[in-house]
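Residue-level structural notes
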Amino acid sequence: MNVLVALGAAVGVFAAGMAGGALGLGWLFGVVIPGLALLVFLGGLAVKVWDWVSTPVPFRIPTTCGQQTSLDWIKPNKLENPHTGIQALGRMALEVLCFRSLLRNTKAEMVQGRRLAYRTSLGLWLGAMLMHWSLLVILIRHLRLMTNPVPAFVSFLEAADGFLEIGLPAVFVTTVTFLAGVTYLLARRFTNPQVRYISLAGDYFPLFLLLGIGLSGVWMRHFGKVDIAAIKELMLSLFHFSPAVPEGISPVFYGHLFLASVLLAYIPFSKIAHMAGIFLSPTRNLANNNRAVRHVNPWDYPVKVHTYEEYEEELRDKMVAAGLPVEKPLEKE
Amino acid sequence: MSKFDEASHYRQEDLLKIDWRPPKTPWMKTPVDFRPGTYIYPGKAKNLKVLDLPNPRDWSVEDQDWKLPEDWKKRVLDGMADRLSKYRSFKVFMDTCVRCGACADKCHFFLGSGDPKNMPVLRAELLRAVYRKDFTALGKIFGELAGARELTTDVIKEWFYYFYQCTECRRCSVFCPYGIDTAEITMMGRELLGLLGIYVNWVIEPVANCYRFGNHLAIQPHGFVDTLEFMADDIEDVTGIRVDIPINRKGAEILFVTPSGDLVADPGIYTCMGYLLLFHELGLDYTWSTYASDGGNFGLFTSAEAMKRLNAKIYAEAKRLKVKWILGGECGHMWRVIHQYMDTLNGPADFLEVPRSPITGTVFKHARSTKMIHLMEFVADLIRHNKLKLDKSRNDHLRVTFHDSCNPSRAMGIFEEPRYVIRSVCNHFYEMPDNTIREQTFCCGGGAGLGTDENMEMRLRGGLPRGSALRHVQEKYGVNMMAAMCAIDRATLVTVADYWAPGVKITGITELVANAMVFTGEKRRTRNLRGEPIPGMELEESETTTVEQGAAIHG
């Protein structure tokens, strides 16, 4: 059910974009909607991040995954258990760039019906790395369509990405790895019974969007042979804030662009906000120097405590009888 | 016929029939099965009253009506809004989960029960679904399709069941790509339930006791003195040494705080005897306190406020007794509170000095603000400086493994100190498999206030991953002793080991240290702190003769 709703929504988005292109609504689908989507993305994400950042961190609660900094002769694990801000930054870099935590992933198994064993399980890590890194390279490659002249690093990246020189135009490595990554993540949601059980429509939807964007892109480059010059003309006009919609752009492009627009606008309101949230996770971005540097809770308030005086008042006779020192002597009868 | 609150009631082959595949019905439509052995009895009214907590009443989990306050829904939603504005952790964790499922088979309760709501991701979804419904745009518009859920009394019951089926061990948070910490989720869930007066008695009674008497077990000052004196008698019996026991002594250099579990429960008491012997031998200028007679803090399992109310005693007592710094015993969750919360809650401790070992002169700079160090940091430093006279061979009959306790591992990272100490006092030390130790260690199944007998089925299930790893080293290396520096471990792992790896005993580290220590003026050591004969340390022939003659005379 969740899958069908998500698939239907993604197909609907693509079809709407195609239809818009075919019906000559180039202005709407090529200018207005992408512009609005970008605004919603930037504005929405800014609001979201501000919402997180303005929420206090009352306690310093890093999850420590290595030896602490304590005695001089014991070697601390600075990246898995950072003691300083710089070290915490290193930990964050590992997490954001290498998905460090997923690299730990294991799969539990019951051996001979009585013993638990844990196998290293790197499928999720690999699928996620492929998808995210390929997507980044693909986005950078797309700068070719939005800049004139094309910056050197874009051309360089493009050349590197196409080094296999298979096909004409050359197939980019990241095209393949991106589609492989997305397909793996989707397939995992279908086949892993626990993951399928917890998956919401909102978990399938962005994957279908990404798959649609990727497939329509592949079609445009390798099969449809769309008028790339016209597309670049449109994109350049957008980035010069003087939009002009040339004739002859394939409807598939509008389907592609509408999928991307919807994804962009969807980000701040959905789980994809994790792209910003990961930087703000208090179990990862704080140094474990709790006993060395005091952390202040901005909303700390006084609480009712049972004072020593109240304690002694209640138990003084027993304390005296047990030979314990007291602050106030027992009253003589 | 054994009852549901006894381990013998459960057959291993039944508990091992675990199906990790989820049921056909979606989780929102799968009702909770409150079967005896899997839930904990509610908090009694008298305990809530001691603490001025809302809605004190006596009720039962099986009751249809949990006697919630009239405005229960508003209280929960307002409470949720309040916490969302106070805890970035809560807000970010509500928003960023992508349901990748990396956490699913990391939870000992899921591994041992197969109940999908024990997957950390679903435990969090219990709150997240309500969050979506009332706090997010997509949830408000799309409802159930967006994973949103109406808050009902059945949801409250489900929260109660599953937030008291989480030991806040944080293992899932090690594996989560965003560091989402289910302990944080469970703490929020329990606080929200608390707004309605819903607690479990196994947590709230210790909190009430600790508030009034200074420790979870309601040991009063004279009982405290007696308990330690009895231990001193046993120590003298075994070692020939009479240790002195300074209590509530003003002007001592060091305040010693340990969990009250060490005072009463076997085998924790032997660890406590170890403390007494160690400090006596060092001639440490220290004191116990009856007012701050528990470092353990079940407030952590109740609410941030309750935690602060109980924890306040430690600094207050350090100030009253005019000590210079504080030393903490072997405890798990106590050290989460001391390390990650105490300074923030009740600091700054500017009236204390940076801890400095009077024996070695080492200054513990890493504790320069909180002014409290862990006993294993202290002892590791002593051994490193050759300040303890040790005869490791006294522990030669033991083949020891070490259970990393959840909180010192994942909220502190104290891995090498205890290992260094154990290796220094034992010749035979074996690690359990890599995925079950250090930051990946498995909970005993009874932490966070779940270690009560009426919860026996869940304790055994939750204890399976630890028990299974223990069984592995038992079969492979002949391990017969598992050390743990946590009082809850020393109480609950006994049950887990007896059930899943029978024959393995549990010990604290200081017990091992004291058994290996050669004390000034000790008599010939033939028995350990448990009073058991030490193999290989039996009396030699000439001595045996003397003893036999002696026995004959007495006989």
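Residues numbered from 1 in each chain as written. Chains lettered and ligands numbered in written order. Predicted model: local features only at pLDDT ≥ 70, side-chain atom pairs only at ≥ 80, totals over all residues. Heavy atoms only, no water.

What follows concerns the overall build of chain B. Within chain B, the secondary structure is distributed over 24 helices and seven strands. Computed over C-alpha atoms, the radius of gyration of chain B comes to 24 Å, within 12% of the 24 Å expected from 2.2 N^0.38 for 555 residues, which places it in the range of a compact globule. Projected onto its principal axes, the C-alpha positions of chain B cover 85 × 55 × 40 Å. Burial statistics for chain B: of 555 residues in total, 68% are counted as buried. (Helix = DSSP H or I, 4+ residues; strand = E, 2+ residues; numbered from the N terminus. Rg over C-alpha atoms; globule rule 2.2 N^0.38 Å. Buried < 20%, exposed > 50% of the residue type's maximum accessible area, 1.4 Å probe, protein only.)

Residue and element names in this part refer to chain B. The sheet built from three strands is open, its strands ordered β5-β6-β7 with parallel pairing. Both edges of this open sheet fall to β5 (400–403) and β7 (505–507), since each of them pairs with a single strand only. Sheet twist, expressed as the mean angle between neighbouring strand axes with direction ignored, is 30 degrees. Relative to strand β6 (residues 481–484), β5 runs parallel, the two sharing four bridges. Bridging across to β6, His-403 finds its partner in Ala-484. (Pairing = 2+ DSSP bridges. Axes fitted to C-alpha atoms, helices over the stretch in contact; angles between N-to-C directions.)

Quick look at a nonpolar patch on the surface now. A grouping of A:Leu23, A:Leu25, A:Leu28, A:Val32, A:Leu36 and A:Leu39 is seen on the molecular surface, where their side chains present a nonpolar patch of about 570 Å² in accessible area. Classification of A:Val32 as partly exposed rests on a relative accessible area of 39%. (Patch = residues over 30% accessible without salt bridge, like charges linked within 9 Å, V, L, I, M, F, W, Y side chains within 5 Å. Areas by Shrake-Rupley, 256 points an atom, 1.4 Å probe, with all protein chains shown as cover. Salt bridge = Lys/Arg side-chain N within 4 Å of Asp/Glu carboxyl O.)

This part covers the pairing of strand β1 (residues 106–111) of chain A. Residue and element names in this part refer to chain A. Looking at chain direction, β1 and strand β2 (residues 115–120) are connected through six bridges and run antiparallel. Residue Met-110 lies in a different strand from β2, and its bridge partner there is Leu-116. Remark: three residues form the turn of the hairpin made by β1 and β2, two consecutive strands paired antiparallel; Gln-112 in that turn has positive phi of roughly 50 degrees.

Moving on: the domain arrangement of chain A. Looking at chain A, the domain boundaries give domain 1 (2–98 + 175–301) and domain 2 (307–333). For domain 1 of chain A versus domain 2 of chain A, the distance between C-alpha centres works out to 64 Å. (Domains from an automatic or database assignment.)

Evaluated as defined, the whole model comprises 35 aromatic pairs over all chains. Ring centres 5.5 Å apart and planes at 70 degrees place the aromatic pair A:Phe253 and A:Tyr254 in the edge-to-face group. Residue A:Phe253 shares its accessibility class with A:Tyr254, and that shared class is buried. Arranged with centres 5.6 Å apart and planes meeting at 50 degrees, the rings of B:Phe160 and B:Tyr164 form a pair that is tilted. Overall, the relative accessible area of 4% leaves B:Tyr164 in the buried class. Counting every residue linked through ring pairs, the aromatic cluster contains B:Phe34, B:Tyr39, B:Trp59, B:Trp66, B:Phe160, B:Tyr161, B:Tyr162 and B:Tyr164. When the ring centre of B:Phe175 is taken as origin, the NZ or CZ atom of B:Lys106, which lies over that ring, is 5.2 Å away. (Phe/Tyr/Trp six-rings, centres within 6.5 Å; stacked < 30°, edge-to-face > 60°. Lys NZ or Arg CZ within 6 Å of the ring centre and 35° of its normal.)

With that settled, consider the sheet that holds strand β1 (residues 254–257) of chain B. Residues and elements named next belong to chain B. Within the open sheet, the four strands sit side by side as β2-β1-β3-β4. Their pairing is parallel. Of all strands in the sheet, those with a lone pairing partner are β2 (286–287) and β4 (372–374), marking the two edges. For β1 and β2, the ladder comprises two bridges, and the chain directions are parallel. Bridge assignment links Leu-255 to a residue of β2, and that residue is Thr-287. Its contacts with the sheet put helix α15 (residues 304–320) on β1 and β3 (325–328), and the angle it makes with β1 is roughly 150 degrees. Sheet strands in contact with helix α17 (residues 375–384) are β3 and β4, and its direction is about 70 degrees off that of β4. (Contact = heavy atoms within 4.5 Å.)

Another aspect to go through is the domain arrangement of chain B. Residues and elements named next belong to chain B. Assigned domains within chain B: domain 1 (7–14 + 28–43 + 54–198) and domain 2 (206–430 + 479–515). Each of domain 1 and domain 2 has a C-alpha centre, and the two are 32 Å apart. On the domain 2 side, the residues contacting the 17 residues of domain 1 number 15 residues. Buried surface at the junction of domain 1 and domain 2, both sides included, amounts to about 1200 Å², of which 47% is carbon and sulfur. The largest share of the area that domain 1 buries against domain 2 comes from Gln-12, Arg-170 and Met-187, three residues that together contribute 40% of it. The interface formed by domain 1 and domain 2 includes zero salt bridges. Our count for the domain 1 to domain 2 interface comes out at six residue pairs in polar contact (both at pLDDT 80 or more). Contributions of two or more residues to the side of domain 1 that touches domain 2 are made by α9 (171–175) and α10 (182–194). Ranked by residues supplied to the side of domain 1 that touches domain 2, first place goes to α10 with five residues. Of the residues contributing to the side of domain 1 that touches domain 2, the split by class is eight nonpolar, one polar and eight charged. (Buried area = accessible area lost by both parts, 1.4 Å probe. Polar contact = N/O pair within 3.5 Å; in protein donor to acceptor, adjacent residues only side chain to side chain. Nonpolar A, V, L, I, M, F, W, Y, C, P; charged D, E, K, R; others polar.)

The next point concerns helix α22 (residues 487–500) of chain B. Residue and element names in this part refer to chain B. Helix length check: α22 (14 residues) gives 20 Å between terminal C-alpha atoms against 20 Å at 1.5 Å per residue, within 8%. Roughly 35 degrees is the biggest bend found in α22, and it falls at Leu-493. Within α22, ten of the 14 residues are buried, leaving the element largely enclosed by the surrounding structure. (Expected span 1.5 Å × (residues − 1). Bend = angle between axes of the 7 residues up to and from the residue.)

Bringing the interface of chain A and chain B into the picture now. Taken together, the 93 residues of chain A in the interface contact 119 residues of chain B. When chain A packs against chain B, close to 9100 Å² is buried across both sides, 58% of that on carbon and sulfur atoms. Across the chain A-chain B interface, the total number found is eleven salt bridges. Of the charged contacts in the structure, one is a salt bridge between B:Asp95 and A:Lys48, with a shortest N-O distance of 3.1 Å. Here chain A and chain B share 72 residue pairs in polar contact (both at pLDDT 80 or more) between them. Counting residues per element, the side of chain A that touches chain B draws most heavily on helix α12 (residues 308–321) of chain A, which supplies six residues.

This brings us to the confidence of the model for chain B. Of the residues in chain B, 97% reach a pLDDT of 70 or more, and the chain-wide mean stands at 96. In the model, residues 545–555 of chain B has pLDDT below 50 throughout and makes one contact with residues more than four positions away in sequence or in other chains. (pLDDT = per-residue confidence, 0-100.)

All names here are of chain B. Across the interface, helix α14 (residues 268–282) lies against helix α23 (residues 509–516) with an axial gap of 7 Å and an inter-helix angle of 55 degrees. Viewed along their axes, α14 and α23 adopt a mutual orientation that is oblique. In terms of crossing hand, the pair formed by α14 and α23 is left-handed. Side by side, α14 and α23 meet where Tyr-270, Thr-271, Gly-274, Tyr-275 and Leu-277 of the first sit next to Thr-510, Glu-511 and Ala-514 of the second. (Parallel < 35°, antiparallel > 145°, perpendicular 65-115°, else oblique. Left-handed = near helix turned anticlockwise from the far one by under 90°.)

Locating A:Leu116 in the fold gives a position in strand β2. Not counting residues up to four positions away in its chain, the partners in contact with A:Leu116 are A:Glu109, A:Met110, B:Trp20, B:Leu111, B:Leu464, B:Pro465 and B:Ser468.

Looking now at helix α6 (residues 120–135) of chain B. Residues and elements named next belong to chain B. Its 16 residues place the ends of α6 21 Å apart at the C-alpha level, agreeing with the 22 Å of an ideal helix rising 1.5 Å per residue. Along α6, the sharpest kink reaches roughly 35 degrees, centred on Leu-126. Counting buried residues along α6, 13 of its 16 residues qualify, which places the element largely inside the surrounding structure.

Residues and elements named next belong to chain B. At a closest axis distance of 9 Å, the pairing of helix α21 (residues 464–477) and α22 adopts a crossing angle of 60 degrees. One element, α21, and the other, α22, form an angle in the oblique class. Once α21 is placed against α22, the crossing between them reads as right-handed. Contact residues: Leu-464, Arg-466, Gly-467, Leu-470 and Arg-471 in α21; Leu-493, Val-496, Ala-497 and Trp-500 in α22. When the residues that make up the contact of α21 with α22 are grouped by side-chain class, the tally is six nonpolar, one polar and two charged.

Following the criterion strictly, the structure yields 63 salt bridges over all chains and no others. Across the pair B:Lys250 and A:Glu327 runs a salt bridge, and its minimum N-O distance is 2.7 Å. Of this pair, B:Lys250 sits in the loop between α12 (221–239) and β1 while A:Glu327 sits in the segment after α12, each in a different chain. Two residues, B:Arg527 and B:Asp237, come together in a salt bridge whose shortest N-O distance is 3.7 Å. Here B:Arg527, found in the loop between α23 and α24 (541–554), pairs with B:Asp237, found in helix α12; they are 290 residues apart in sequence, far enough to count as distant. Under the relative-accessibility criterion, B:Arg527 is labelled partly exposed at 28%.

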